[in-house]
Amino acid sequence: MRTSTRDLILKVGASRHESADQVIVAALAAMSRDERCRVAAAEARAIRDDPADLAEVRAIQQDMAALHEG
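Residues numbered from 1 in each chain as written. Predicted model: local features only at pLDDT ≥ 70, side-chain atom pairs only at ≥ 80, totals over all residues. Heavy atoms only, no water.

In the nomenclature of an unreviewed UniProt entry, the chain is known as CopG family transcriptional regulator of Citricoccus parietis.

Peer 1: In this structure, what is going on with the packing of helix α1 (residues 3–16) against helix α2 (residues 20–49)? I would like to understand it.
Peer 2: Angle between the axes and distance between the axes are the two parameters that describe a pair of packed helices. Between α1 and α2, whose axes approach to 8 Å, the crossing angle comes to 95 degrees. In this view, α1 runs roughly perpendicular relative to α2, as classed from their interaxial angle. Where α1 abuts α2, its residues I9, L10, V12, G13 and R16 lie against A20, V23, I24 and A26. Split into classes, the residues belonging to the contact of α1 with α2 amount to seven nonpolar, one polar and one charged. (Axes fitted to C-alpha atoms, helices over the stretch in contact; angles between N-to-C directions. Helix = DSSP H or I, 4+ residues; strand = E, 2+ residues; numbered from the N terminus. Parallel < 35°, antiparallel > 145°, perpendicular 65-115°, else oblique. Contact = heavy atoms within 4.5 Å. Nonpolar A, V, L, I, M, F, W, Y, C, P; charged D, E, K, R; others polar.)

Peer 1: Would you explain the environment of A26 in this entry?
Peer 2: Its place among the elements puts A26 in helix α2. The spacing of A26 and I60 is 34 residues in sequence and 36 Å in space, taken between C-alpha atoms.

Peer 1: Could you clarify how one ought to interpret the pattern of salt bridges in this entry?
Peer 2: Oppositely charged side chains can form a pair if their charged atoms are brought close together. Within the structure shown, the criterion is met by four salt bridges. R6 serves as the salt-bridge partner of D7, at 2.9 Å between the closest nitrogen and oxygen. Relative accessible area serves as the criterion here: at 37%, D7 is assigned to the partly exposed category. With its nearest N and O atoms 3.4 Å apart, the salt bridge here joins D49 to R48. The exposure class assigned to D49 is exposed, which follows from its relative accessible area of 55%. (Salt bridge = Lys/Arg side-chain N within 4 Å of Asp/Glu carboxyl O. Buried < 20%, exposed > 50% of the residue type's maximum accessible area, 1.4 Å probe, protein only.)

Peer 1: Please explain a nonpolar patch on the surface as it appears in this structure.
Peer 2: Nonpolar side chains collect at one region of the surface, where I24, L28 and M31 lie side by side and expose about 290 Å² of accessible area between them. With respect to the helices and strands, the residue M31 is situated in helix α2. Classification of M31 as exposed rests on a relative accessible area of 53%. (Patch = residues over 30% accessible without salt bridge, like charges linked within 9 Å, V, L, I, M, F, W, Y side chains within 5 Å. Areas by Shrake-Rupley, 256 points an atom, 1.4 Å probe, with all protein chains shown as cover.)

So this is what it looks like as structure tokens:
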């Protein structure tokens, strides 16, 4: 690890009252969440662009709405 990287981790940790390990774990968790969001957005775009998938989603939504009404 470079000194500048270590210093940045320690600086962020100090401002949040966290250890370097906690900062790294939090950063990795944030990166994982970002990746899941990117994948979900890509999947949503694919569904939106596919008429068969969009019809299936609408049918599921209608089924769920009917269950909540009944």
